Amino acid sequence: MNTLGENIASLRKKKGMTQEALADAIGVSAQSVSKWENNTNMPDILLLPIIADIFEVSIDALYGRLNPKGPMEAEAVLERCCESIINNIGSRLYWSTLAYNYYPRFDITTEEQFLKERVELLKQDKRFRTAIVHKTGGVYYRDEFGGLLIKRPAGSWAELLENDASCGILSSLVDRDFRAALAELIKSRSHTFTISSLCGKCGIENSAALEEKLISAGLISGKTVEIDGKDVVIYEFGSTRLFLILAILSIGKEYEEYLDFYCGYEGNDEYLYS
């Protein structure tokens, strides 16, 4: 395991800071930072929260202990990721606010206070959004929706509109029968079914079209069995792709309910053309 000094040096370099810049941010001399990183000396215990805040990590992370209590529970991952998105967007907005003096009466004296205010706004009023868009991609968050981060395609954003790759699933999602069938399978927790039984539950008449869409979407796999001299296809429902479909629908709902209501936003239309 790396020493505290080695971890500070690594975090400093990842943040693109010099020893002098880190020393100024903390309020110590560059010589002190150098001694920490060379393991000649250790930072005072009272400085650890300040150093951790600068690097946007926990004190445990300064010591290289990312999960001191053992494996992280799956349910905790989402909350940890949401927290990270909010803090990263907030940190950028804090420093850009200071740099460009966006608000004449900027009385939030520390980054910690600034982040706390943003988190409270996002949680208290579910309409609030926060985002940063840039030529390399964008990050978006609303507490009720969750977080979204996306990288720009290698060429340009226009590629997404010129490429037909997403049209298949989008056209399926427009189909009411397709959505009704998926909703029924999810609500009933059905893992196996026949197309006839599924269509009967949903009141769907065109079973052949539904079968084709579900197969094309990669959401079902079938096995033919002989029952009383008749071949019957029994399907199994389930795919890791399903989560992406739910994500597409969630984003679509967020788009339709969109309000230009932000507690922090950075970016302009230049991100499209850069």
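Because the structure is predicted, anything quoted here is derived from the model rather than measured. (Residues numbered from 1 in each chain as written. Predicted model: local features only at pLDDT ≥ 70, side-chain atom pairs only at ≥ 80, totals over all residues. Heavy atoms only, no water.)

(A) Layout of the environment of F193. Examined against the element boundaries, F193 turns out to sit in strand β4 (residues 192-193). With relative accessibility at 7%, the residue F193 sits in the buried group. Those residues in contact with F193, other than ones at most four positions away along the chain, are L185, L198, I220, V233, I234, Y235, E236 and F237. (Helix = DSSP H or I, 4+ residues; strand = E, 2+ residues; numbered from the N terminus. Buried < 20%, exposed > 50% of the residue type's maximum accessible area, 1.4 Å probe, protein only. Contact = heavy atoms within 4.5 Å.)

(B) Just a nonpolar patch on the surface, in detail. A contiguous nonpolar patch, built from I186, F243, L246 and L249 and spanning about 390 Å² of accessible area, is present on the exposed surface. Ranked by the residues each element gives to the nonpolar patch, the list is headed by helix α13 (residues 242-256), at 3 residues. Under the relative-accessibility criterion, L246 is labelled partly exposed at 39%. (Patch = residues over 30% accessible without salt bridge, like charges linked within 9 Å, V, L, I, M, F, W, Y side chains within 5 Å. Areas by Shrake-Rupley, 256 points an atom, 1.4 Å probe, with all protein chains shown as cover. Salt bridge = Lys/Arg side-chain N within 4 Å of Asp/Glu carboxyl O.)

(C) Broad picture of helix α4 (residues 48-55). Looking only at α4, the buried set comprises L48, I51, A52, I54 and F55. In a view along the axis of α4, the buried residues occupy a sector of 160 degrees, so they form one face of it. (Arc of directions from axis to C-beta.)

(D) Spotlight on the environment of E257. Relative to the helices and strands, E257 resides in the loop between α13 and β7 (262-266). A C-alpha to C-alpha distance of 9.6 Å links E257 and R127, two positions 130 residues apart in sequence. Setting aside residues no more than four positions away along its own chain, E257 makes contact with R129 and R142. There is a polar contact of 2.9 Å between the side chain of E257 and the side chain of K253. (Polar contact = N/O pair within 3.5 Å; in protein donor to acceptor, adjacent residues only side chain to side chain.)

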